[in-house]
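What follows is each chain in one-letter form.
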Amino acid sequence: MAVPVDNYLRNQFMPHMWCPGCGHGIVLGAVLRAIGRLDLPKDEVCIVSGIGCASRAPGYLDFNTVHTTHGRALAFATGIKLARPDLHVIVLTGDGDASAIGGNHLIHAARRNMGITTVMFNNSIYGMTNGQYSPMTPKGRYASTAPYGNVERNFDMCELVKAAGGNYVARATTAHARQLSNYVEHAIQTQGFAFVEAVTQCPTYFGRRNKMGTPVDMIEWFRKNSVNAAAAAKLGPEELDGKIVVGEFYRGDAPEYTQVYEEVIKRAKEAAAR
Amino acid sequence: MTSAASPEVPVLVRHEWCKGCGICIAMCPKKVLEAAPDGKATVARPEDCIKCETCEIMCPDFAIRVVGGRSKGVAEGKGDVAGARA
Amino acid sequence: MPGRKGRDLRLLQGNECCAEAAILAGCTFFAGYPITPSTEIAEILSEKLPQVGGHFIQMEDEIASIAAVIGASLTGAKSMTATSGPGFSLKQENIGFASFTEIPCVIVNVQRTGPSTGLPTAPAQADLMQARWGTHGDHPIVALYPSTVPEVFDLTVKAFNISERLRVPVILLMDEVVGHMREKVEIPHVSDIEIINRPRPDVPPEKYLPYAAGPDGVPPMAPFGTGYRWHVTGLYHDETGFPTTAAPNADRQMKRLYAKIESAAEEITFTSEESLDDAEIVVVACGITARSARRGVRLARERGIKAGMLQLKTIWPFPYGIIGDIAGRVEKIIVAEMNMGQLIGEVERAACGKCEVVGYSRVDGEPIAPAEIVAKIEEV
């Protein structure tokens, strides 16, 4: 049985706080549709977030929800998952939250292969604090703290998570909302750490500063500048410069942490009984 | 208030949740939706709707429901979802 | 396992004893990061927790450790972390989160000399104020402070009980000397240990208001994944748990958080005393300094000085009333502490000028010896 999205919203708090045209609602919808297709019992879903625009999502969702401290969502989620391995633990985080202040937790959650699904809402900017550059802001783009253009290179978070040991890695944009939802579904079904980067528009800060037009223009820009993984494999670095590579990049089958730890418990109990 | 209450109207817009971003209007392949004077979405050509659910999926504000859409509110790209609950 | 009637006497290090007590108090989750002089607690729990079906994890840093502890506690697990100076600093933001969201957890800080890396890992008692005010903003907190290994056992159990009962983070401050010292300790039979669990809701999920407190100011807490879907946030929130910026709510919320500790202050304040009845000079101290003070007071008595001592086992909430009463009937209070003068400020507030308060500080990484206490008593 698939469940419609409305069933997962805490309707009394709608409309949500995000700006008109902000892509976060599209990403959140993709997440909720994935949960709906999987028909996960609400009591068995735990949504954990950090701080930032994306991290305000859990407040609108009718699950077990925690809005934690900046960057630390995955560390809180690790405790929840380890103590209750049967829960579906989903982290909703932003690019600043996950790639800057929380970068180390992301690396280690992936390395441990914790059974957590992470959806990183990447709008390439710190929206909550009015538009400073993040580690995901492309080089040359403008931000309130990059008035001459960003001089830093941005991360490829999918490569990072894959290298760190996650079992599922995918990326899509709000222009690919159906694919995005499928990827989240696959992520939730993954045994082990799963990471989906959702490229989303911030028309208010990133869009305005970089003269990207309306929210519709930004979505169209994503569509035109995206290359799927198969096509990207045939292109050189220069041809891929400035492009967004979308697709499912990696599926692994490394053992999931809490399942491994259950074995530790078994062995420890045997040792104690001797 | 929704802009369409009758079951024959295929697209329901929850007016109080709509922020008038215009994404649904631009994304609809059949130009079913238009901006009302207040900028919010309204159903202008219900007869043209093919129930593709793009508007619903692309609405950042959860303000749109396609009545009798093929995926019953859990739209995805692979096709129908069997046994969906309304 | 010893029989019900057999006494379980052991020679334990303070850190070992803390780990043993945690398990008996019902701890089923530990997350930590290696740091001397607290690491033995993690090492022992990595072995013992899975034996009782609990979980141990070594996180990537101290911030993650306390975060994982709070996360586990949300599912109902009694949870603990242990650290020392620099690690305690790193944990502070999330301690504030736990305090504000009222998630029970126990944080052990085996103190070492600071600031920064300090004198690794000589003892100091310089995190007293950090235990109270380490995180930003007003917040309730409880801190307990053992001076012997048997007290480590007792106060570790109490730390869990208070944390659960009041839904507040409890900090167990240990001295490096206590953490690493071996003493005889009698482990009580499990049935003789008082165990308190967090209040649970007695209403069905649809009627559950996660931050609606009873008369004691403590709201019932439903573990995640048991049908009570609620929201936890570090934003100001109302009884529903959802954020609100309403000024009257903010005022009400903060005052309730303080009131729940104040109303329980008597039951969570633990002290120990020596020769206080007729004392004219009283030494106030905690941790290992209290041991030297106790000995120093006995030596002073042998020399005919009417000296007494008060050991604070609970330092937060601070026992202003108890010290105020003492100040009203003695001539002098000496506050002995291994820092530049932290406790003394609180003692002065409590004494309200009713008697003279003098400090004795030692900050060279060496404990205060009984002879120093005697000398100070004779000097004043």
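Provided above is the structure to which this section pertains.
Residues numbered from 1 in each chain as written. Chains lettered and ligands numbered in written order. Predicted model: local features only at pLDDT ≥ 70, side-chain atom pairs only at ≥ 80, totals over all residues. Heavy atoms only, no water.

## Looking at the overall build of chain A
Moving on, step 1. Along its length, chain A carries eleven helices and eight strands.
Moving on, step 2. Whereas a compact globule of 274 residues would reach a radius of gyration of roughly 19 Å, chain A reaches 19 Å, a difference of no more than 12%.
Moving on, step 3. Taken along the three principal axes of its C-alpha coordinates, chain A extends 70 × 45 × 35 Å.
Moving on, step 4. Out of the 274 residues in chain A, the part that is buried amounts to 63%.
Moving on, step 5. For chain A, restricting intrachain contacts to residue pairs at least 6 apart in sequence, the fraction spanning at least 24 positions comes to 68%.
Moving on, step 6. Accessible surface for chain A amounts to roughly 10,100 Å². Of this, 52% is attributable to carbon and sulfur atoms.
Moving on, step 7. Across chain A, the mean location of the 28 positive side-chain charges is 4 Å away from that of the 24 negative side-chain charges. (Helix = DSSP H or I, 4+ residues; strand = E, 2+ residues; numbered from the N terminus. Rg over C-alpha atoms; globule rule 2.2 N^0.38 Å. Buried < 20%, exposed > 50% of the residue type's maximum accessible area, 1.4 Å probe, protein only. Contact = heavy atoms within 4.5 Å. Areas by Shrake-Rupley, 256 points an atom, 1.4 Å probe, with all protein chains shown as cover. Lys, Arg positive; Asp, Glu negative; His and termini not counted. Charge placed at Lys NZ, Arg CZ, Asp CG, Glu CD.)

## Concerning the packing of helix α2 (residues 73-83) of chain A against helix α3 (residues 62-74) of chain C
Moving on, step 1. Relative to each other, α2 of chain A and α3 of chain C sit at 45°, their axes nearing to 6 Å. With respect to each other, α2 of chain A and α3 of chain C are oriented oblique. The crossing of α2 of chain A and α3 of chain C is right-handed. Along the contact surface, α2 of chain A presents A75, F76, G79, I80 and A83 of chain A, while α3 of chain C presents A64, A67, A68, I70, G71, A72 and L74 of chain C. (Axes fitted to C-alpha atoms, helices over the stretch in contact; angles between N-to-C directions. Parallel < 35°, antiparallel > 145°, perpendicular 65-115°, else oblique. Left-handed = near helix turned anticlockwise from the far one by under 90°.)

## Structural notes on the interface of chain B and chain A
Moving on, step 1. Counting residues at the interface gives 33 residues for chain B and 39 residues for chain A.
Moving on, step 2. Of the roughly 2,800 Å² buried where chain B meets chain A, counting both sides, 61% is carbon and sulfur surface.
Moving on, step 3. Applying the counting criterion to the chain B and chain A interface returns two salt bridges.
Moving on, step 4. Ionic pairing is found between R65 of chain B and D6 of chain A, a salt bridge with its closest N-O pair at 3.5 Å.
Moving on, step 5. Summed over the shared surface of chain B and chain A, the result is eight residue pairs in polar contact (both at pLDDT 80 or more).
Moving on, step 6. When residues of the side of chain B that touches chain A are traced back to their parent elements, those giving at least two are α1 (23-27) and α2 (54-58) of chain B.
Moving on, step 7. Considering every element that reaches the side of chain B that touches chain A, the biggest residue donor is α2 of chain B, with four residues.
Moving on, step 8. Partitioned by chemical class, the residues of the side of chain B that touches chain A number 16 nonpolar, five polar and twelve charged. (Buried area = accessible area lost by both parts, 1.4 Å probe. Salt bridge = Lys/Arg side-chain N within 4 Å of Asp/Glu carboxyl O. Polar contact = N/O pair within 3.5 Å; in protein donor to acceptor, adjacent residues only side chain to side chain. Nonpolar A, V, L, I, M, F, W, Y, C, P; charged D, E, K, R; others polar.)

## Some details on the pattern of salt bridges
Moving on, step 1. If you walk through the whole model with that rule in mind, you get 39 salt bridges over all chains.
Moving on, step 2. For D43 of chain A, the salt bridge is made with R229 of chain C, and the minimal N-O distance between the two is 2.8 Å. With one member in each of two chains, D43 of chain A in the loop between α1 (24-38) and β1 (45-49) and R229 of chain C in the loop between β8 (182-187) and β9 (231-233) form a pair that bridges those chains.
Moving on, step 3. Taking the relative accessible area as the measure of exposure, R229 of chain C reaches 29% and is therefore partly exposed.

## Observations concerning the arrangement of the chains
Moving on, step 1. In this assembly, two pairs of chains are in contact, and the pair with the greatest number of contacts comprises chains A and C.
Moving on, step 2. In this assembly chain B lies apart from chain C, the nearest approach of their C-alpha atoms being 19 Å.

## Describing the side chain of Q311 of chain C
All names here are of chain C.
Moving on, step 1. By secondary structure assignment, the location of Q311 is in strand β12 (residues 307-312).
Moving on, step 2. Overall, Q311 belongs to the buried group, its relative accessible area being 1%.
Moving on, step 3. Here the side chain of Q311 touches S147 through a polar contact of 3.1 Å, side chain to side chain.
Moving on, step 4. Setting aside anything within four residues of it in sequence, one finds Q311 in contact with Y145, S147, E151, F270, T271, S272, A285, A290 and R294.

## Quick word on the sheet that holds strand β7 (residues 169-175) of chain C
Moving on, step 1. As summarised here, the arrangement of the seven strands in space is β3-β2-β4-β5-β7-β6-β13 (chain C), forming an open sheet in which the pairing is mixed. For this open sheet the edge positions go to β3 (55-58) and β13 (314-316) of chain C, each flanked by a neighbour on one side alone. Averaged over all pairs of adjacent strands, the angle between their axes in this sheet comes to 20°, without regard to strand direction.
Moving on, step 2. In this structure, strand β5 (residues 105-111) of chain C lies alongside β7 of chain C, joined through seven bridges in parallel fashion. Within β7 of chain C, the residue paired with C105 of chain C across the bridge is P169 of chain C.
Moving on, step 3. With respect to the sheet, α2 of chain A is in contact with β2 (27-32) and β3 of chain C, its orientation differing from that of β3 of chain C by roughly 150°.
Moving on, step 4. Lying over the sheet, helix α2 (residues 39-51) of chain C contacts β2, β3, β4 (78-83), β5 and β7 of chain C, oriented at roughly 135° with respect to β2 of chain C. (Pairing = 2+ DSSP bridges.)

## Structural notes on the sheet that holds strand β11 (residues 281-285) of chain C
Residue and element names in this part refer to chain C.
Moving on, step 1. Spatial ordering of the open sheet is given by β10-β12-β11-β14-β15, a layout of five strands whose pairing is mixed. With one partner strand each, in any of the chains shown, β10 (271-274) and β15 (356-361) form the two edges of the open sheet. Neighbour-to-neighbour, the strand axes of this sheet turn through a mean angle of 20°, independent of strand direction.
Moving on, step 2. For strand β14 (residues 332-337) and β15, the ladder comprises six bridges, and the chain directions are parallel. Directly across from K332, in β15, lies its bridge partner E356.

## Re the interface of chain A and chain C
Often, the extent of an interface is quoted as the loss of accessible area on bringing the components together.
Moving on, step 1. Opposite the 39 residues of chain A that make contact, chain C presents 40 residues.
Moving on, step 2. Counting each side, the surface lost to burial between chain A and chain C is near 3,200 Å², with a carbon and sulfur contribution of 62%.
Moving on, step 3. Broken down residue by residue, the surface that chain A buries against chain C is led by D43, H67 and F76 of chain A, which jointly contribute 16%.
Moving on, step 4. Our count for the chain A to chain C interface comes out at three salt bridges.
Moving on, step 5. On inspection of chain A and its partner chain C, the count reaches 16 residue pairs in polar contact (both at pLDDT 80 or more).
Moving on, step 6. Put simply, the parts of the chain that give the side of chain A that touches chain C at least two residues each are β2 (64-67), α2, α4 (103-112) and α11 (257-273) of chain A.
Moving on, step 7. If one sorts the elements of the side of chain A that touches chain C by residue count, α11 of chain A sits on top with eight residues.
Moving on, step 8. Partitioned by chemical class, the residues of the side of chain A that touches chain C number 17 nonpolar, twelve polar and ten charged.
Moving on, step 9. Pairing of β2 of chain A with β9 of chain C involves three bridges; the strand directions are parallel. Bridge pairing in β9 of chain C links T65 of chain A to H231 of chain C.

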